[in-house]
Amino acid sequence: RGIEEEEKKQNQKATEWMLANINSDRIDIHSGRFVAERTKKAQSTVIHRLQSFLSDNHLEDTFKTFADADFANKYMKWCYEKKNYKENTIYLTYQILKAQLNAAKKSGFNIDDTYYKELRGKCKDVDNIYLTEREIEAIYKLDIPHLKKEGLIDEKSTMEQTRDLFIVGCYTGLRRSDLNKLNDGIWNLSEDKNTVSIVAEKTKKRVVIPLHPYVRAIYYKYNGILPKLGDKYNTNVHLKNLARLAGINEIVSKTENRGGKVTTLKHQKYDLVSFHTARRSFATNMVLKGVPTLAIRQLTGHTNEQTFRKYVKVTPEQYAKLFGFSPIV
């Protein structure tokens, strides 16, 4: 019976085992917490992508296929030629696949790690934008009721609530999931404290954030009960329209590797604004103010300096200005 069970285990489809492992009640050894449902969902999406790859290429759904020396070439070719994926989509797949193959090996599967350990698991930094404080102010000062009367915004639109929460994100650095938890936070509006304290959804750590005047004004505007964010797609559409109405139409270049071809595309800046821009803008603007990165990371929840640096969009020229040296006369 033991031999039969082991044979059955070894003959199980690799992706089926991975999906079962991902969706089990497992604890992340690094954080000491149960893996979040949104993390499971993101990882499952990657495994479904691998299933499509196997099907399209008529490959066996076995661990041997993923550990084969030629897997990386076949997968990258499929991603570029058949799916026109971005380069980082491939690296994200490798990151999750490697973790699952390691877990399967620890579970007793016979997997040769000679080749799969060499798969690149780190995504490349990409050209993402941030908003300057002047641009954030332009969005904050939009007269949305007037724009509705002018017919520039739909009368029933929740764009104003989206705008307000985006501004809060720009001056707190909170993740989208944490913005929806602000009503559960502890707001201390006294002059000597002037902070909000919440437990971050992802890290489960308490953060204490100083309140910018705009954030205080928005808190009072809603009498201490902030609205909830709508779905991701609609809020991002709102933000692009808000940035356009605020005149954030600078032409910016963005380089990407899609389908194996590196191209530099030009966009109007408002087209690149999303909710994640708020968090990136917070980190960048704080660095430009000279706030120590360790202090900023306490608010953003980044434990890794390298990961934090991906959020900061400061140019070498801007870094040079931070030193503030005056020319000798």
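Refer to the preceding data block for the structure.
To start, this report covers the structure provided alongside it.

Cut-off values and rules
- Residues numbered from 1 in each chain as written.
- Predicted model: local features only at pLDDT ≥ 70, side-chain atom pairs only at ≥ 80, totals over all residues.
- Heavy atoms only, no water.
- Axes fitted to C-alpha atoms, helices over the stretch in contact; angles between N-to-C directions.
- Helix = DSSP H or I, 4+ residues; strand = E, 2+ residues; numbered from the N terminus.
- Parallel < 35°, antiparallel > 145°, perpendicular 65-115°, else oblique.
- Contact = heavy atoms within 4.5 Å.
- Nonpolar A, V, L, I, M, F, W, Y, C, P; charged D, E, K, R; others polar.
- Salt bridge = Lys/Arg side-chain N within 4 Å of Asp/Glu carboxyl O.
- Buried < 20%, exposed > 50% of the residue type's maximum accessible area, 1.4 Å probe, protein only.
- Pairing = 2+ DSSP bridges.
- Phe/Tyr/Trp six-rings, centres within 6.5 Å; stacked < 30°, edge-to-face > 60°.
- Lys NZ or Arg CZ within 6 Å of the ring centre and 35° of its normal.
- Polar contact = N/O pair within 3.5 Å; in protein donor to acceptor, adjacent residues only side chain to side chain.

This paragraph deals with the packing of helix α3 (residues 37-56) against helix α5 (residues 71-81). Here α3 crosses α5 at 95°, and the two axes come no closer than 11 Å. Regarding the angle of α3 to α5, the classification is roughly perpendicular. Packed against α3, whose contacting residues are R49, L50, S52, F53 and D56, the element α5 presents F71, K74, Y75 and W78 at the interface. Of the residues assigned to the contact of α3 with α5, the class counts are five nonpolar, one polar and three charged.

To continue, consider the pattern of salt bridges. Per the counting criterion, the structure on display carries 12 salt bridges. Among the salt bridges present, the one from K117 reaches D113, with a minimum N-O distance of 3.6 Å. You can call D113 partly exposed: its relative accessible area is 22%. Its salt-bridge partner being R163, residue D164 comes within 2.7 Å of it at the nearest N-O pair. The buried category is assigned to D164, whose relative accessible area is 1%. Its relative accessible area of 5% is what places R163 among the buried residues. A network of salt bridges, in which partner residues are shared, links E160, R163, D164 and K221.

Moving on to the pairing of strand β7 (residues 261-268). Among the eight residues in β7, zero count as buried, and that is only a small part of the element. In this structure, strand β6 (residues 251-258) lies alongside β7, joined through eight bridges in antiparallel fashion. In the sheet register, I251 faces β7, and the bridge partner there is Q268. Where β6 hands over to β7, the hairpin turn is made up of two residues, of which G259 adopts a positive phi near 65°.

Here we come to the environment of L152. Structurally, L152 can be placed in the loop between α8 (144-149) and α9 (159-172). Taking the C-alpha atoms as reference points, L152 and L245, separated by 93 residues in sequence, lie 8.7 Å from one another. Residues within four places of L152 in sequence aside, it is in contact with L147 and L245.

Across all of its chains, the model carries 17 aromatic pairs by this definition. With a centroid separation of 6.1 Å and 75° between ring planes, the pair formed by W78 and Y85 is classed as edge-to-face. You can call Y85 partly exposed: its relative accessible area is 23%. A centroid spacing of 5.8 Å and a plane angle of 90° characterise the contact between F166 and F275, whose relative ring orientation is edge-to-face. Linking F166 in helix α9 with F275 in the loop between β7 and α13 (276-288), this pair joins segments that are 109 residues apart in sequence. Accessibility assignment for this pair places F166 and F275 in one class, buried. The ring of Y85 has R49 lying over it, and the distance from NZ or CZ to the ring centre is 5.5 Å.

Let us now look at unusual backbone geometry. Residue N84 is not a glycine yet carries a positive backbone phi of 55°. Its location among the elements puts N84 in the loop between α5 and α6 (87-106). N84 gets classed as partly exposed once you look at its relative accessible area, which sits at 39%. Of note, N223 is a non-glycine position whose phi angle comes to about 55°, a positive value. In this structure, N223 sits in the loop between α11 (213-221) and α12 (232-245).

It is worth spelling out the side chain of T235 at this point. You can see T235 is positioned in helix α12. Not counting chain neighbours up to four residues away, the residues in contact with T235 comprise T162, R176, L229, G230 and F275.

Attention now goes to the sheet that holds strand β3 (residues 186-188). A sheet is described by the order of its strands in space; here three strands give the open sequence β3-β4-β5, paired in antiparallel fashion. In this open sheet, the two edge strands, each paired with only one partner strand, are β3 and β5 (206-210). Between one strand axis and the next, the sheet turns by 15° as a mean value, whatever way the strands run.

Turning our attention to the side chain of E160. The topology assignment puts E160 in helix α9. Within the structure, the side chain of E160 is placed 2.7 Å from the side chain of K221, a separation counted as a polar contact. Once residues lying within four places of it in the same chain are set aside, the contact partners of E160 are I144, P145, K221 and Y222.

Remember that the coordinates give geometry; whether it matters functionally is a separate question.
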